[in-house]
Amino acid sequence: MSAVSESPVLVRREGRVGILTLNRPQQLNALNDALMDALGAALLAFDADEGIGAIVITGSDKAFAAGADIAAMAGWTYTEVVRDQFITRNWETLRQVRKPVIAAVAGFALGGGCELALACDIVVAAESARFGLPEIKLAMLPGAGGTQRLPRAIGKAKAMDLCLSGRLMDAAEADRLGLVSRVVPAERLADEALGLAATVAGYSLPALMSLKACVQRAWEGSLTEGIGYERRELYARFATEDAREGMQAFLAKRPPVFQHR
Ligand code: CAA
């Protein structure tokens, strides 16, 4: 086996799309420190790369990720997780990423795996996807944002049902509840997610980053604060070459050529 295939996160690019594949197939992509460190580093590298406009995170056919690594966690003490800032230290790197991040989910997305998908901007699911926050079965709780993002995504009643029962939901239910953005047959997942990412990455990068920040405000803050933020970001578009090009191209009935500035 080559060094590359042993890496817990495989990194590649297609045009302006950066693709990160979680790669611990024997453990159903259980998210340990090595994987989350590698994922965070790869995310930051793509975020800093001028040639990348959108990022896709995916797993295997069987598992996007089956959660935090239970084998690793089983021996940890309270003192150790506080000292080492479990989750905060490396999982939350994703929150620093300003470019759009798309999760392409097939198979199990459980616990931390579901939370990872929830922290992405768009979730494209295969019909085989199974979502759930089963931590309660371990006498644990969803601690990578799950107790906060799931109620925001699907409402308190459904979130309580999923968290307290530990049950899994299929892709159709996840679609109905608004947990995922779209569902496709498993064999179409890669094409759908990469096609979507390529479309997004073709737009003006400063506009994309601004738009993502605006929607995040809606997710996290009050309406008044969010509207004010959105208005400032709208005004800022008028300072960009890309917005001028986008509008002129529309009026001239030609495709825009964005310089990402
Ligand atoms: N951590 C560590 N190893 C895991 C794992 C996890 N979260 N999930 C699966 N694995 C391992 C299994 O131990 C098994 O390893 P061995 O072959 O060495 O025995 C291998 O992956 C394959 O798993 P199964 O044999 O269990 O596969 P299955 O198809 O029978 O079942 C499953 C699949 C339903 C996903 C089952 O593996 C499962 O329930 N996994 C645990 C899911 C879970 O509880 N996730 C939450 C973790 S806690 C968390 O995430 C906290 C947080 O919020 C941060």
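Residues numbered from 1 in each chain as written. Predicted model: local features only at pLDDT ≥ 70, side-chain atom pairs only at ≥ 80, totals over all residues. Heavy atoms only, no water.

A look at the environment of Gln-216
As for its placement among the helices and strands, Gln-216 is situated in helix α10 (residues 205–220). With a relative accessible area of 31%, Gln-216 lands in the partly exposed category. It is 9.0 Å that separates the C-alpha atoms of Gln-216 and Asp-121, two residues lying 95 residues apart in sequence. (Helix = DSSP H or I, 4+ residues; strand = E, 2+ residues; numbered from the N terminus. Buried < 20%, exposed > 50% of the residue type's maximum accessible area, 1.4 Å probe, protein only.)

Some remarks on unusual backbone geometry
Glycine aside, a negative phi is what most residues show, and trans is what most peptide bonds show. If you check the backbone angles, Leu-28 has positive phi at about 50° while not being a glycine. Within the secondary structure layout, Leu-28 lies in the loop between β2 (17–22) and α2 (33–48).

Here's the deal with the packing of aromatic side chains
A full pass over the atoms with the stated rule returns two aromatic pairs. On the numbers, 5.0 Å between centres and 75° between planes, the contact of Trp-76 with Phe-86 is edge-to-face. Here Phe-86 lies in the loop between α4 (78–84) and β5 (101–105) and Trp-76 lies in the loop between α3 (70–73) and α4, a separation of 10 residues in the sequence. On the accessibility criterion, Trp-76 (34% relative accessible area) is partly exposed. Take Phe-86: its relative accessible area is 23%, and that puts it in the partly exposed class. Between the aromatic rings of Phe-86 and Trp-91, the centroid separation amounts to 6.5 Å while the plane-to-plane angle is 85°, which identifies the pairing as edge-to-face. Aromatic ring contacts, followed pair by pair, group Trp-76, Phe-86 and Trp-91 into a single cluster. (Phe/Tyr/Trp six-rings, centres within 6.5 Å; stacked < 30°, edge-to-face > 60°.)

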